Amino acid sequence: MSIKTLAVLAADLNAGRISSLELTQDYLHRIKASTHNAFISTLEETSLAQAKAADDARANLSDSDPSKPSLLGVPVAQKDIFCIDGSRTTCGSKILDNFVAPYTATVVENMHKAGIVSLGKTNMDEFAMGSSNETSHYGPVINPWSAEEELVPGGSSGGSAAAVAAQLAPAATGTDTGGSIRQPAAFCNLTGVKPSYGRCSRFGMIAFASSLDQAGPMTHTAEDAALMLNTMAGFDAKDATSLDVPAEDFTAHLNDSVEGLVIGLPSQFFSDGLDNDIATLVHNAVKEFEKLGAIVKDISLPNAELALPSYYVIAPAEASSNLSRFDGVRYGYRTSDYDDLIDMYTKTRSE
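Please read all numbers here as calculations on a predicted model, not as lab measurements.

### Things to note about the environment of Gly332
For Gly332, the position within the fold is in the loop between α9 (307-323) and α10 (341-350). Sequence separation between Gly332 and Gly192 is 140 residues; the distance between their C-alpha atoms is 31 Å. Discounting residues that sit within four places of it in the chain, Gly332 has contacts with Ile95 and Asn98.

Put into structure tokens, the structure is as follows:
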């Protein structure tokens, strides 16, 4: 099966070769038939209604340009850390198994305003803590490239990565705190981008470590990632850390020459811990850049070794604060047998 990128699907929709409703129905059928456990839930009723609305909107566009990518009517998957009004949002956790969000995350709202269809919510490591997608209450996600099911898809956005790699969706949202987009994208042969902090709103994206969490796209190509970011990014007054900067077209310079571009290769990233096959692939890619006129320089990041211990101070501290709200008092799972408030807290969170 040939891969249909967002750009290709957008062109097909623009040219009338397929309808959003047909496309959405096809992906929903693939999701139901899949054995990868990439989705926690689907949004079939909502997504079909969104697809019908997109088709109606496209029919009323008198100046549609088949050569100009528009994501109107293109279906994508949403990581189950993004709230969508009226839909379950679980974060891969039993404690939120019955939580129905009362509002929609800004990133998802931006996409819906652009006419993008949300197919469903993808599986993830519980509360985005993990790098293998094996800690979800809903079971592990299977890497689509793994014939014997022995390979993990990476995490915490492993469900999104598997969904795109298995062609259950042409693209998906993910979140990245310490690699949770970039690592599963690498494991599943995708393009994954963690945007600059503040580019994408965190409103409605359930927090793990607030000063590190960032939403981003997971796609087959850099072009698709740029198209996704065009709809996801933007200032949001509801997020105090949102960057108030002019809107940018991330596709504008995709085909520019790399002649004269300076690429730094940190020596610390080529240590004894690097797999030889991966090192060879990276060096081969560097040679391609050099052939295209890029300038490659060896550089040093002497404080790089402090990154991991710094992360393990900041992330757990912020997670402790953020996750304390999940206590069984106002919403979510609550234990059925307890003596007092503290006992209820303890048993609920333990269970």
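### Some thoughts on the packing of aromatic side chains
Scanning the model with the defined rule gives 5 aromatic pairs in all. Centre to centre, the rings of Phe99 and Tyr331 are 5.4 Å apart; their planes meet at 40°, and the pair counts as tilted. Highlighted residues: Phe99 in the loop between β2 (75-79) and α4 (106-113) and Tyr331 in the loop between α9 and α10, separated in sequence by 232 residues. Its relative accessible area of 14% is what places Phe99 among the buried residues. According to the relative accessible area criterion, Tyr331 is partly exposed, its value standing at 34%. Ring geometry for Phe326 and Tyr331: centres 6.3 Å apart, planes at 80°, overall edge-to-face.

### Overview of helix α7 (residues 222-232)
Within α7, 8 of the 11 residues are buried, which leaves it mostly tucked inside the rest of the structure. Buried within α7 are the following residues: Asp224, Ala225, Ala226, Leu227, Met228, Leu229, Thr231 and Met232. Turning to α7, the residues buried within the fold contact α1 (6-14), β2, α4, β4 (172-176), β5 (191-192) and β6 (214-219). Phi turns positive, to about 145°, at Gly234, one or two residues after α7.

### Some words on unusual backbone geometry
Following Gly155, the chain continues into Ser156 via a peptide bond in cis, with omega recorded as 5°. Note that Ser156 resides in the loop between β3 (117-122) and α5 (158-165). Despite not being glycine, Gln167 shows a phi value in the positive range, around 60°. Note on placement: Gln167 falls in the loop between α5 and β4. Phi at Asn189 is positive, roughly 65°, even though this residue is not glycine. Mapped onto the secondary structure, Asn189 falls in the loop between α6 (182-187) and β5.

### Quick look at the pairing of β3
Put simply, side chains in a regular strand alternate between the two faces of the sheet. With 6 of its 6 residues buried, β3 lies for the most part within the structure. Where strand β1 (residues 39-42) meets β3, 3 bridges bridge the pair, whose relative direction is antiparallel. Opposite Phe39, over in β3, you have Thr122 as the bridge partner. Looking at chain direction, β2 and β3 are connected through 4 bridges and run parallel. Paired with Val76 across the bridge in β3 is Ser118. Assessed by its sense of winding, the connection that carries the chain from β2 through α4 to β3 is right-handed.

Conventions adopted
- Residues numbered from 1 in each chain as written.
- Predicted model: local features only at pLDDT ≥ 70, side-chain atom pairs only at ≥ 80, totals over all residues.
- Heavy atoms only, no water.
- Helix = DSSP H or I, 4+ residues; strand = E, 2+ residues; numbered from the N terminus.
- Contact = heavy atoms within 4.5 Å.
- Phe/Tyr/Trp six-rings, centres within 6.5 Å; stacked < 30°, edge-to-face > 60°.
- Buried < 20%, exposed > 50% of the residue type's maximum accessible area, 1.4 Å probe, protein only.
- Pairing = 2+ DSSP bridges.
- Right-handed = clockwise from strand over helix to strand, strands pointing away.

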